[in-house]
Amino acid sequence: IYKKNRYIYIQHSPLSLKIIYNKNAFTEFDIIFVVNKSQNKDVEEINNIYKKKIKPWKNQYLFFKNQNFIKNNFKTNKVLIAPTWGTNFYKDNFHLIIKKFLVKNGYKIELRPHYMSFNQNDIDQNIKNDFIINSGKLDFSSFDILITDWSGIYLEYAYLTNKKSILINSKQKILNEDFNRFDKNSIDNDARKILGYELGLENLNEVNFFIKHIYKDYDENKKEIAYFFKNNFY
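Residues numbered from 1 in each chain as written. Predicted model: local features only at pLDDT ≥ 70, side-chain atom pairs only at ≥ 80, totals over all residues. Heavy atoms only, no water.

Colleague: Quick question: what am I supposed to make of the environment of Val79 here?
Modeller: Examined against the element boundaries, Val79 turns out to sit in strand β5 (residues 78-81). We classify Val79 as buried; its relative accessible area is 0%. Setting aside chain neighbours within four positions, we find Val79 in contact with Leu102, Tyr107, Lys108, Ile109, Glu110, Phe143, Ile145 and Ile147. (Helix = DSSP H or I, 4+ residues; strand = E, 2+ residues; numbered from the N terminus. Buried < 20%, exposed > 50% of the residue type's maximum accessible area, 1.4 Å probe, protein only. Contact = heavy atoms within 4.5 Å.)

Pasting the structure below:
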């Protein structure tokens, strides 16, 4: 849900307020709904930097509230690749590199581009020919594995399935021109270390190694994921 008026901003994402939004995105609001402790701190920083008096309003993340819990079910042998927009993911052919390694191990692959990637014409006919494009309502239970870069989809996936994701460390999308004035700690960076396995660009060939860990370490990861959400989200 996204609603914007003169006074209240109802947050529709669990990610940081100080990274993926421009510097003036929130300065004219009196209240911002926040869904986790990190966003609450973001509002404090926005107030300090821009001399504002915006009040954070703690609220449950609507995606979590409106979803039925999906029990663990490793049976599909399917991988969903779901990058965000505004990064170099497609330009540097990470989708093709990852696909090459996954196909060797017999995984079925679907690609779910961000809708903005279609708007910016990042999804050309070659991509449509090379991948099954996943669109419309997303059913996480259809996939054993999620691979993304800087999209917040991995938080939703972790919460609903108790599974970690493979997170590609491509160039981070930073839209705030004033980001250097903020504390560099954010949920975008911190959650990645807990809810996923980060994969450097020089190590994309190890994607199958980390996928094996997602299967093998499910019980241990489940506890770690539950603790993260209990202690960070409202």
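Colleague: Would you mind going over empty space enclosed by the protein with me for this structure?
Modeller: To find leftover empty space, one rolls a probe the size of a water molecule over the atoms. The tally for this structure, following the rule as stated, stands at 2 cavities of 30 Å³ or more. For the lining of the largest cavity, the class distribution of residues is 7 nonpolar, 3 polar and 2 charged. Taken as a whole, the second largest cavity holds about 30 Å³ of empty space. Considered class by class, the residues forming the lining of the second largest cavity number 2 nonpolar, 1 polar and 2 charged. (1 Å grid on protein atoms, 1.4 Å probe; cavity = no way out; pocket = protein on both sides within 12 Å on 5 of 7 lines; lining within 4 Å. Points joined across faces, edges and corners; volume = space filled by probe spheres on them. Nonpolar A, V, L, I, M, F, W, Y, C, P; charged D, E, K, R; others polar.)

Colleague: Is there a simple way to explain the pairing of β5 in this structure?
Modeller: Here is the key point about a regular strand: its side chains alternate between the two faces of the sheet. Pairing geometry for β5 and strand β6 (residues 108-111), over 4 bridges, is parallel. Across the sheet, Ile81 pairs through a bridge with Leu111, a residue of β6. In this view, the connection linking β5 to its parallel neighbour β6 by way of helix α3 (residues 94-104) has right-handed handedness. (Pairing = 2+ DSSP bridges. Right-handed = clockwise from strand over helix to strand, strands pointing away.)

Colleague: Hey, could you run me through unusual backbone geometry in this one?
Modeller: Glycine aside, negative phi is the norm for most residues, and most peptide bonds take the trans geometry. With a phi close to 55°, Lys51 is a non-glycine residue in the positive phi region. A positive phi is found at Asn77, a non-glycine position, where the angle reads about 60°. Position of Asn77 relative to the elements: it lies in the loop between α2 (62-65) and β5.

Colleague: I'm lost on the sheet that holds strand β10 (residues 196-199) in this one. Help?
Modeller: Hydrogen bonds between backbone groups are what pair the strands of a sheet, and the pairing can be parallel or antiparallel. Read across the open sheet, the 6 strands follow the order β7-β6-β5-β8-β9-β10; overall the sheet is parallel. With one partner strand each, in any of the chains shown, β7 (132-133) and β10 form the two edges of the open sheet. Across 3 bridges, β5 lies against strand β8 (residues 145-148) in parallel orientation. Its bridge partner being in β8, Val79 is matched across the sheet by Ile145. Together, β5, β6, β8 and β9 (165-168) form the strand contacts of α3, whose direction differs from that of β5 by roughly 170°. (Axes fitted to C-alpha atoms, helices over the stretch in contact; angles between N-to-C directions.)

Colleague: How should I be thinking about the packing of aromatic side chains in this particular structure?
Modeller: Both the distance between ring centres and the angle between the ring planes are used here to describe each pair of aromatic rings. Applying the stated rule across the entire model yields 14 aromatic pairs. Considering the side-chain rings of Phe33 and Trp57, the 4.8 Å spacing of their centres and the 55° angle between planes classify their relative orientation as tilted. Residue Phe33 is located in strand β3 (residues 31-34), and its partner Trp57 is located in strand β4 (residues 55-58); the two are separated by 24 residues in the primary sequence. Note on Trp57: relative accessible area 44%, which makes it partly exposed. Considering the side-chain rings of Phe228 and Phe229, the 5.3 Å spacing of their centres and the 85° angle between planes classify their relative orientation as edge-to-face. For the pair shown, Phe228 and Phe229 are each scored as buried. Each residue in the set Tyr159, Phe228, Phe229 and Phe233 is aromatic and connected to the rest through ring pairs, giving one cluster. Its guanidinium or amino end placed over the ring of Phe131, Lys99 lies 4.8 Å from that ring's centre, counting from NZ or CZ. (Phe/Tyr/Trp six-rings, centres within 6.5 Å; stacked < 30°, edge-to-face > 60°. Lys NZ or Arg CZ within 6 Å of the ring centre and 35° of its normal.)

Colleague: Honestly, the environment of Tyr197 in this entry has me stumped. Any pointers?
Modeller: By the secondary structure assignment, Tyr197 is in strand β10. In this structure, the C-alpha to C-alpha distance between Tyr197 and Asn180, residues 17 residues apart in sequence, is 26 Å. At 3.1 Å, the side chain of Tyr197 and the side chain of Asn221 are in polar contact. (Polar contact = N/O pair within 3.5 Å; in protein donor to acceptor, adjacent residues only side chain to side chain.)

Colleague: Just to check I follow, could you spell out the layout of surface pockets for this structure?
Modeller: Quantified by volume, the second largest pocket comes out at close to 220 Å³. Lining the second largest pocket are 13 residues, and of these Ser38, Lys41, Asn185, Ser186 and Asp190 lie nearest its centre. Only α1 (37-50), α7 (187-190) and α10 (218-232) provide two or more residues apiece to the lining of the second largest pocket. The element contributing the most residues to the lining of the second largest pocket is α1, with 5 residues.

Colleague: Can you help me understand the environment of Pro113 in this one?
Modeller: When you line up the elements, Pro113 lands in the loop between β6 and α4 (115-119). A relative accessible area of 8% means that Pro113 is categorised as buried. Along the sequence, Pro113 and Ala82 sit 31 residues apart, while their C-alpha atoms lie 5.8 Å from each other.

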